[in-house]
Amino acid sequence: MLRAEKISKSFGGNQVLQDVSVWIKPGTITTLIGPSGTGKTTLLRALAMTDAPDAGEITVDYKKYVFPLAHDQKLSPLPWPRVTAVFQQLFLWPHLSLRENILLPARNFPRTNMDVELNELIDVLEMKHFIDRFPNEASLGQRQRVALARALMLQPKYVLMDEVTSALDIEQVANILNFLPRLKERDIGVLIITHALNFARRAADTVLFMDHGQIVERGSFDLLDNPQTPRLQQFLAAIQAAQ
Amino acid sequence: MFSDAFDIIWTYREGFLAGLAVTLQLSAIIWTVGIAGGTALGWLAARHPRDWGVFVRTGAFLLGGLPILVLLFWLHYPAQAVFHVVIDPFITAAFTFTLVNVFAVSSLVREAIADFPTEYLTAARVCGLTSRQTLLQIQLPIILRQILPALLMSQVVMLHTTLFASLISVEEIFRVAQRINASIYKPVEIYTALGMFFLAVSLPVNGLAIYLKHKYTRNTSER
């Protein structure tokens, strides 16, 4: 299990995360929703340990990382790519083709069926017609799919995704939704930040609602139909009104 | 005019070739030490911005504001008089131009490393790339693509700067041309011949810079 206990993070005097505790079980999908600027991405980066929390503990299966790290202490063993992330900005390497973006890190984990795996991802994510382009020659939706494929080819145990379906059309989102159960079958724990409530409802085993740097409410996918806290009710009502 | 220039080149070929050899020898020192030393210094400056970084920025600022000829003359005449030493003009010229090149290259490298988008490194980390892989397969190729054209062009400029060495009696190609002109007084033909020599050396480097720019420094801004 990927478990974070009492994670806090500040930028300057601005406390972005306050004693946040979350856990992601292998083979489950958790969606994280909440208003913009509420600390969702900061939480994802803290869980990925790319921006170390100021305080708290993160346990990846049986390895516990305690924060803050001592002055010259480094993460050991490195949690990546057992825990990996797909960031909102994607960060594809611009000098490599999209195919090489996927294969370069994957080659660190060689296996006989790598080509089969890649071809399967190319099919599922409909990447065949652009896979040999460079990142600047692909649309945002295409790059999102490549970033997702790059993460999945690493055989991670936990994948943290930040708004990775924001630029996809309905058909591609449906493909992702159909693909997610396969990640569960592979016992991968997934956390997805999303603003798309229908996607959250259909994808999630667990839904987390975050506001002002705290997890306000958590529950199963039907939480979105039966919100318990006034803040989540207000948030859902605002979204429905906007739609 | 060009046929006259070729005639002069042929007539004085030994002198021109000797001068060209000195020019290329000087350039080879400036280029190799400048690029190697500048890259190392630039890397140090980017890694340690508070000490090496300040040193490189200050050095580049001062040398950038100082005409090379003034620096060359100062190191050749007053500095040697002050320290009571006599140094071969070739060594003085090589040291001066290399010093300028080292700081010019180090500035290029420092800025390229300092401005390198850390997001690419974050992506490398979460993808499990090792530090060595990240350096060799992500950071260096991107930085090289970014600085290579400017680096090559700056080396062409350094080649042209070697002309100043003639002013402290280094027997490089410009000084040879001046001496030939002093004896036969055909400045148009002689300086045309000199221009042809420089074009022959500069154009391939310029061409390479343009080729690399087109091949590697694509517009990487995303849609």
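Rules used in this analysis
Residues numbered from 1 in each chain as written. Chains lettered and ligands numbered in written order. Predicted model: local features only at pLDDT ≥ 70, side-chain atom pairs only at ≥ 80, totals over all residues. Pairing = 2+ DSSP bridges. Helix = DSSP H or I, 4+ residues; strand = E, 2+ residues; numbered from the N terminus. Axes fitted to C-alpha atoms, helices over the stretch in contact; angles between N-to-C directions. Contact = placed C-beta atoms within 7 Å. Nonpolar A, V, L, I, M, F, W, Y, C, P; charged D, E, K, R; others polar. Left-handed = near helix turned anticlockwise from the far one by under 90°. pLDDT = per-residue confidence, 0-100. Buried ≥ 20, exposed ≤ 12 C-beta atoms within 10 Å, placed from the backbone.

Peer 1: Got a sec to walk through the sheet that holds strand S4 (residues 55–60) of chain A? Specific residues and values, please.
Peer 2: Residue and element names in this part refer to chain A. The four strands are arranged S2-S1-S4-S5 in an open sheet whose pairing can be described as antiparallel. At either end of the open sheet lies a strand with only one pairing partner, and these are strand S2 (14–24) and strand S5 (63–67). Direction aside, neighbouring strands of the sheet carry axes that sit 20° apart on average. Examined bridge by bridge, S4 and S5 share five bridges and lie antiparallel to one another. Residue pairing for S5: threonine 59 is matched across the bridge by lysine 64.

Peer 1: With reference to specific residues and values, describe the interface of chain B and chain A.
Peer 2: Every contact between the two is made by 20 residues of chain B and, on the other side, 22 residues of chain A. Elements with a contribution of two residues or more to the side of chain B that touches chain A: helix H7 (118–126) and helix H8 (131–161) of chain B. Looking at the side of chain B that touches chain A, the element that brings in the most residues is H7(B), giving six residues. Across the side of chain B that touches chain A, the residue classes break down as eight nonpolar, six polar and six charged.

Peer 1: Could you give an account of the packing of helix H2 (residues 13–47) of chain B against H8(B), naming the residues involved and the relevant values?
Peer 2: All names here are of chain B. Between H2 and H8, the shortest axis-to-axis distance is 9 Å and the interhelical angle comes to 145°. Crossing handedness for the pair H2 and H8: right-handed. Residues Ser27, Ile30, Trp31 and Gly34 of H2 touch H8, and the partners they reach there are Gln155, Met158 and Leu159. For the contact of H2 with H8, the residue count by class is four nonpolar, three polar and no charged.

Peer 1: Which residues make up the confidence of the model for chain A, and what values go with them?
Peer 2: Mean pLDDT for chain A: 91, with 100% of residues reaching 70 or above. Confidence, expressed as mean pLDDT per element, reaches its minimum in chain A at helix H5 (residues 170–185) of chain A with 85 and its maximum at helix H2 (residues 98–106) of chain A with 96.

Peer 1: Any chance you could break down the environment of Ala106(A) for me, citing the residues and the numbers?
Peer 2: All names here are of chain A. With respect to the helices, strands and loops of the structure, alanine 106 is situated in helix H2. Owing to 22 C-beta atoms within 10 Å, alanine 106 belongs among the buried residues under this scheme. Those residues in contact with alanine 106, other than ones at most four positions away along the chain, are Met114, Met153 and Leu154.

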